[in-house]
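For reference, the chains in residue letters:
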Amino acid sequence: MSGEIAVLVNPAARGGRSRGLLAPVLERLRRGGAEVSVILGESAEDALERACTAVAEGPDALVAFGGDGLVHLAVQAVAGTDVPLGIIPAGTGNDIATALGLPKNALAAADVVARGRCRTVDAARIGEDEWFASVLCCGFDSRVNERANRLSWPPGMAKYLVAMAQELRSFAPIPFRIDLDGEVIEREAVLVAVGNTRSYGAGMRVCPGALPDDGLLDVTIIDAGPRSRFLRAFPRVYRGTHAGHPLVTMRRARKVTLEAPDVIAYADGERIGPTPLACEAVPGALRVLS
């Protein structure tokens, strides 16, 4: 790729440990003759505004250098446009990059961007103007996220383990109303996940059959049951082998509406807001360099 590449950077990715990768990545991108600019916002809102401004100017690609949270931000800027999205996985989980078959090595991912080969995939739209690329979650996992975000210690992924242990002590099943293309399911559940791709949370394959280009969203419902049974079943999510468990229901739909009291939804690991909310698969909404 010899045109213009805008690189959106999260310097805090991996607790700042990815900063040393940035200069070699930029050098690799420039090696093919590309004009490379760096977008570094003072906040998430500022970074998104700058990314949208860059996309409006029609670069050959917007590249996210960071983890799933930064990719989520970049998706807001490029979804529904002709500007391709490149991903340099430099975060903790990198579930979106994995789902798209991108190399884990940052320099190898930069080579993918430099080759400029595009693939068209779906994205999911929440309401009118919010997008996600991987998984939207509601229930136990989103409450763990809420709790973890209030913790100042321990750092990194360890705080999610602490938050999970704390949440388990008080968690109660949630009454959900789920609308799948007009079919309504009402039941008490532990969590509901809606996947454009299969995994979130650094490898939790909650929607193991989800494909990013089939025009559908995969919905995983984990029903309420004894806490001990849930604790035995939940680790299977990391391998994607929970699909056959009696507490688990898996469906597919184009449009999904979720309602549940006092539940905050997260998508791509980012806080979206309270339910009710509706999301739908938008076929071909993203062009990605892969």
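Structural data are supplied above this passage.
Presented here is an overview of the structure given in this document. From a predicted model like this one, the values you see are computed outputs, not experimental measurements.

1. Quick look at the overall build of the protein chain
Argument step 1. What the protein chain contains, in helices and strands, is 8 helices and 15 strands.
Argument step 2. Here the C-alpha atoms of the protein chain give a radius of gyration of 19 Å, agreeing with the 19 Å that 2.2 N^0.38 yields for 290 residues.
Argument step 3. Dimensions along the principal axes, computed over C-alpha positions, put the protein chain at roughly 60 × 40 × 30 Å.
Argument step 4. Relative to all contacts within the protein chain whose residues are 6 or more apart in sequence, the contacts with residues 24 or more apart total 70%.
Argument step 5. When the accessible area of the protein chain is evaluated, it comes to approximately 12700 Å², of which 49% is carbon and sulfur surface.
Argument step 6. Averaging the locations of the 32 positively and 34 negatively charged side chains of the protein chain gives two centres separated by 10 Å.

2. Remarks on the environment of Ile126
Argument step 1. Here Ile126 lies in strand β5 (residues 118-126).
Argument step 2. When the C-alpha atoms of Ile126 and Ala110 are compared, they prove to be 30 Å apart, with 16 residues separating the residues in sequence.
Argument step 3. Setting aside anything within four residues of it in sequence, one finds Ile126 in contact with Phe132, Leu136, Ala267, Ile272, Leu277, Ala278 and Cys279.

3. Looking at the packing of aromatic side chains
Argument step 1. In total, this model carries 1 aromatic pair according to the counting rule given.
Argument step 2. Geometrically, the ring pair formed by Phe140 and Phe171 is edge-to-face, given 5.3 Å between the ring centres and 85° between the ring planes. Residue Phe140 is found in helix α6 (residues 140-149), and its partner Phe171 is found in the loop between α7 (158-170) and β8 (174-180); the two are separated by 31 residues along the sequence.
Argument step 3. Judged by its relative accessible area of 12%, Phe171 falls in the buried class.

4. Concerning the environment of His72
Argument step 1. Along the chain, the position of His72 falls in helix α3 (residues 68-78).
Argument step 2. The class of His72 is buried, set by a relative accessible area of 6%.

5. With respect to the pattern of salt bridges
Argument step 1. The tally for this structure, following the rule as stated, stands at 11 salt bridges.
Argument step 2. For Arg28, the salt bridge goes to Asp111, with nearest N and O atoms at 3.0 Å. Here Arg28, found in helix α1 (residues 19-30), pairs with Asp111, found in helix α5 (residues 106-115); they are 83 residues apart in sequence, far enough to count as distant.
Argument step 3. Judged by relative accessible area, which is 27%, Asp111 ranks as partly exposed.
Argument step 4. Between Arg177 and Glu186 there is a salt bridge, and its shortest N-O distance comes to 3.3 Å.
Argument step 5. Given the relative accessible area of 31%, Arg177 is considered partly exposed.

How each quantity is defined
Residues numbered from 1 in each chain as written. Predicted model: local features only at pLDDT ≥ 70, side-chain atom pairs only at ≥ 80, totals over all residues. Heavy atoms only, no water. Helix = DSSP H or I, 4+ residues; strand = E, 2+ residues; numbered from the N terminus. Rg over C-alpha atoms; globule rule 2.2 N^0.38 Å. Contact = heavy atoms within 4.5 Å. Areas by Shrake-Rupley, 256 points an atom, 1.4 Å probe, with all protein chains shown as cover. Lys, Arg positive; Asp, Glu negative; His and termini not counted. Charge placed at Lys NZ, Arg CZ, Asp CG, Glu CD. Phe/Tyr/Trp six-rings, centres within 6.5 Å; stacked < 30°, edge-to-face > 60°. Buried < 20%, exposed > 50% of the residue type's maximum accessible area, 1.4 Å probe, protein only. Salt bridge = Lys/Arg side-chain N within 4 Å of Asp/Glu carboxyl O.

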